[in-house]
Amino acid sequence: MKTALSIAGSDSCGGAGIQADIKTMTVNGVYAMSAVTALTAQNTTGVTAIQEATPEFLKQQLDAVFTDIFPDAVKIGMVSSSRLIRIIADRLRFYNAKNIVVDPVMVSTSEAKLMQTEAVSTLARELLPLAAVVTPNIPEAQVLSGLTIESREDMENAAKVIGDKYNCAVLLKGGHSVNDANDLLYSNGGFKWFEGKRIDNPNTHGTGCTLSSAIASNLAKGFGLEESVKRSKEYISGALASMLNLGKGSGPMNHAFDLTGKFV
């Protein structure tokens with residue numbers, strides 16, 4: 001069985017972070033493992049507290065995984081500080097990790113800030129050059145590229161700036177007032193648009209975590225990057241279309257909408 005490792009924060013409400021990653025990886029047919037960067041007290045209405053892991057404990061978690069069950073892919077999500085980012089980069093280089101998917105989580109769906117300001121530049125410098133693909137949304141891509149994004153052409157320009165600067169593929173996610181859930185993949189100097197249909201579901205907590213974890217799962221199983229993105233978008237569309245409605249805010253998706261279906 002193929003394996004995937006999630007390096008991310010814990011979501012006590014289960015809709016995002018490590019919990020969403022494990023659900024997504026399991027339903028997408030790989031064995032899921034985790035290294036927790038932080039504990040959060042959060043629910044569908046917001047994040048009320050964050051307790052960061054120490055660098056030494058995060059290192060111990062990563063060493064424990066890599067020395068026993070080597071992951072076929074790695075997904076990196078919420079990492080709030082520079083010191084943890086440097087530990088992750090050091091361990092990934094040490095073990096020559098493969099199929100690394102970086103989701104540059106800066107702000108939660110509920111608008112809670114999840115990354116310290118100085119950590120953004122550390123993440124770009126240390127982790128993006130290691131990534132097979134980075135999956136920013138439009139606000140995150142604006143930070144990483146330094147460009148304003150208001151159109152499809154702007155998305156192409158920003159993706160190219162990020163990809164060329166850090167020598168990685170970029171999946172720039174639409175949906176933030178630019179288009180109807182159309183995502184742009186920039187890889188090997190070329191662009192590919194993945195057209196999507198916006199699903200009228202206000203419960204979108206954890207969509208970024210879920211998409212990046214699904215991509216990592218498909219890369220682990222040996223699919224190419226374009227096919228991995230295609231399969232992952234189909235999966236997340238199904239999870240949203242299931243119309244799960246939990247909580248008082250932006251609720252989670254139904255990650256297990258198709259336990260025995262084609263995504264396994």
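For clarity, every value in this text was computed on a predicted model and none was experimentally measured.

What counts, and at which threshold
- Residues numbered from 1 in each chain as written.
- Predicted model: local features only at pLDDT ≥ 70, side-chain atom pairs only at ≥ 80, totals over all residues.
- Heavy atoms only, no water.
- Phe/Tyr/Trp six-rings, centres within 6.5 Å; stacked < 30°, edge-to-face > 60°.
- Lys NZ or Arg CZ within 6 Å of the ring centre and 35° of its normal.
- Core = buried A, V, L, I, M, F, W, Y, C linked by side-chain atoms within 4.5 Å.
- Buried < 20%, exposed > 50% of the residue type's maximum accessible area, 1.4 Å probe, protein only.
- Helix = DSSP H or I, 4+ residues; strand = E, 2+ residues; numbered from the N terminus.
- Salt bridge = Lys/Arg side-chain N within 4 Å of Asp/Glu carboxyl O.

### Observations regarding the packing of aromatic side chains
Within a pair of aromatic rings, the relevant descriptors are the distance that separates the centres and the angle that separates the planes.
For step 1, the next point in the chain: The tally for this structure, following the rule as stated, stands at four aromatic pairs.
For step 2, the next point in the chain: Centroid distance F66 to F70: 5.2 Å. Interplanar angle 80°. Geometry classified as edge-to-face.
For step 3, the next point in the chain: Residues Y186 and F191 carry aromatic rings whose centres are separated by 5.0 Å and whose planes lie at 40° to one another, so their mutual orientation is tilted.
For step 4, the next point in the chain: Through a chain of ring-to-ring contacts, three or more aromatic side chains come together here, namely F66, F70, F94 and Y95.
For step 5, the next point in the chain: The ring centre of W193 lies 3.8 Å from the NZ or CZ of R152, which sits over that ring.
For step 6, the next point in the chain: Taking NZ or CZ as reference, K192 lies 5.4 Å from the ring centre of F194, over its face.

### So, the nonpolar core
For step 1, the next point in the chain: Counting residues in each nonpolar core, the largest one holds 45 residues, and the members touching the most others are I76 and L92.
For step 2, the next point in the chain: For this core, the leading source of residues is helix α3 (residues 82–95), giving seven residues.
For step 3, the next point in the chain: Residues A73, V133, L211 and A220 belong to the second largest nonpolar core, which totals 19 residues.

### Concerning the pattern of salt bridges
For step 1, the next point in the chain: Counted under the stated rule, the structure contains 13 salt bridges.
For step 2, the next point in the chain: Put simply, D103 and K173 hold a salt bridge, and the shortest N to O gap is 3.8 Å. Residue D103 is located in the loop between β5 (100–102) and α4 (117–126), and its partner K173 is located in the loop between β7 (169–172) and β8 (183–187); the two are separated by 70 residues in the primary sequence.
For step 3, the next point in the chain: On the accessibility criterion, D103 (2% relative accessible area) is buried.
For step 4, the next point in the chain: Across the salt bridge formed by E234 and K230, the nearest N and O atoms sit 3.0 Å from each other. Placement of both E234 and K230 in helix α8 (residues 225–241) is noted, with a separation of four residues, approximately one turn of the helix.
For step 5, the next point in the chain: Since its relative accessible area comes to 31%, E234 is described here as partly exposed.
For step 6, the next point in the chain: Where salt bridges share partners, they join K59, D63, D90 and R91 into one cluster.

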